[in-house]
Amino acid sequence: MVRFVELTLCLSLVLGIGTAQPQKPAVLAGCTTKNAQPTCDWYWFRKTLDSAHSVKVKYDPMDRSTGAQLEDLAKTLGKSVAANGETPDLTFTIAPAPTTGIDIGPGDEEILELKVYSDASAPQKLIWVETYRGQKDRPWPAN
């Protein structure tokens, strides 16, 4: 699943999707939440990602394969993985999507969220959320 994340981000960066935007006022990248759904600005996320040099990856220590794939994603994007004690420019993390109860049927549901945080500010600021869909009857790493 994370390989799909890697491919999606790489293709978006290579193809320059979302870069042709009119001049915007000088605001920082970030997401806003409306009706419990985060809305992020691709233009400012892209500018922040382009200017970042190092990335910290956060994952469950028991899920080393996800950690390795997040590190591969950072390297594929041309970013170095920050060592312990270094202050990174961005933080990548993956978490299962929130559960809503019992799901019945074969329909795809939200299973995974890739979140990118900016480490430039004291409290981390969410600057991008990518949601992936799949079958909830299987664990998200299997999807």
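Before reading further, recall that the structure is shown in the block above.
First things first, this report covers the structure right here in the doc.

What counts and what doesn't
- Residues numbered from 1 in each chain as written.
- Predicted model: local features only at pLDDT ≥ 70, side-chain atom pairs only at ≥ 80, totals over all residues.
- Heavy atoms only, no water.
- Core = buried A, V, L, I, M, F, W, Y, C linked by side-chain atoms within 4.5 Å.
- Buried < 20%, exposed > 50% of the residue type's maximum accessible area, 1.4 Å probe, protein only.
- Helix = DSSP H or I, 4+ residues; strand = E, 2+ residues; numbered from the N terminus.
- Contact = heavy atoms within 4.5 Å.
- Pairing = 2+ DSSP bridges.
- Salt bridge = Lys/Arg side-chain N within 4 Å of Asp/Glu carboxyl O.
- Expected span 1.5 Å × (residues − 1).
- Arc of directions from axis to C-beta.

1. Here's the deal with the nonpolar core
Stage number 1. By size, the foremost hydrophobic cluster in this structure holds 20 residues, and its most contacted members are F45, L70, L90, F92 and V116.
Stage number 2. If you list the elements that add at least two residues to this core, you get helix 2 (42-51), strand 3 (54-58), helix 3 (64-76), strand 5 (90-96), strand 6 (109-118) and strand 7 (125-134).
Stage number 3. A per-element tally of this core places strand 6 first, with four residues.
Stage number 4. Ignoring anything within four residues of it in the chain, the contact list for L90 reads T48, L49, A52, S54, V55, K56, V116, Y117, S118, D119 and I127.

2. Some details on the pairing of strand 6
Stage number 1. Of all 10 residues that make up strand 6, seven are buried, and the element is covered over most of its length.
Stage number 2. As paired elements, strand 5 and strand 6 share seven bridges and run antiparallel to each other. Residue pairing across strands places L90 opposite S118, the latter belonging to strand 6.
Stage number 3. Pairing between strand 6 and strand 7: nine bridges, direction antiparallel. Bridging across to strand 7, S118 finds its partner in K125.

3. Observations regarding the pattern of salt bridges
Stage number 1. Applying the stated criterion across every chain, the model contains two salt bridges.
Stage number 2. Among the ionic pairs, R46 bridges to D50, the shortest N-O distance being 3.2 Å. Of this pair, R46 and D50 both sit in helix 2, four residues apart, roughly one helical turn.
Stage number 3. R46 gets classed as buried once you look at its relative accessible area, which sits at 14%.
Stage number 4. Here K115 and E113 are joined by a salt bridge, their closest N and O atoms 3.5 Å apart.

4. Comments concerning the environment of P38
Stage number 1. Looking at the secondary structure, you find P38 in strand 2 (residues 37-40).
Stage number 2. A relative accessible area of 33% places P38 in the partly exposed class.
Stage number 3. Each C-alpha atom of the pair P38 and I127 lies 9.6 Å from the other, and the pair is 89 residues apart in sequence.
Stage number 4. Ignoring sequence-local partners within four residues, the contact set of P38 consists of T32, T33 and V129.

5. Quick look at helix 3
Side chains of residues three or four places apart in an α-helix project in the same direction, reflecting 3.6 residues per turn.
Stage number 1. For helix 3, spanning 13 residues, the distance from its first C-alpha to its last is 18 Å, which sits close to the expected 18 Å at 1.5 Å a residue.
Stage number 2. Every buried residue of helix 3 is accounted for by T66, G67, L70, L73 and A74. Burial along helix 3 is one-sided: seen end-on, the buried residues are contained in an arc of 120°. Residues of helix 3 that are exposed and angled more than 90 degrees away from the buried face: R64 and K75.
Stage number 3. Downstream of helix 3 by one or two residues, G78 has phi in the positive range, about 80°.

Geometric values such as these leave the question of function open.
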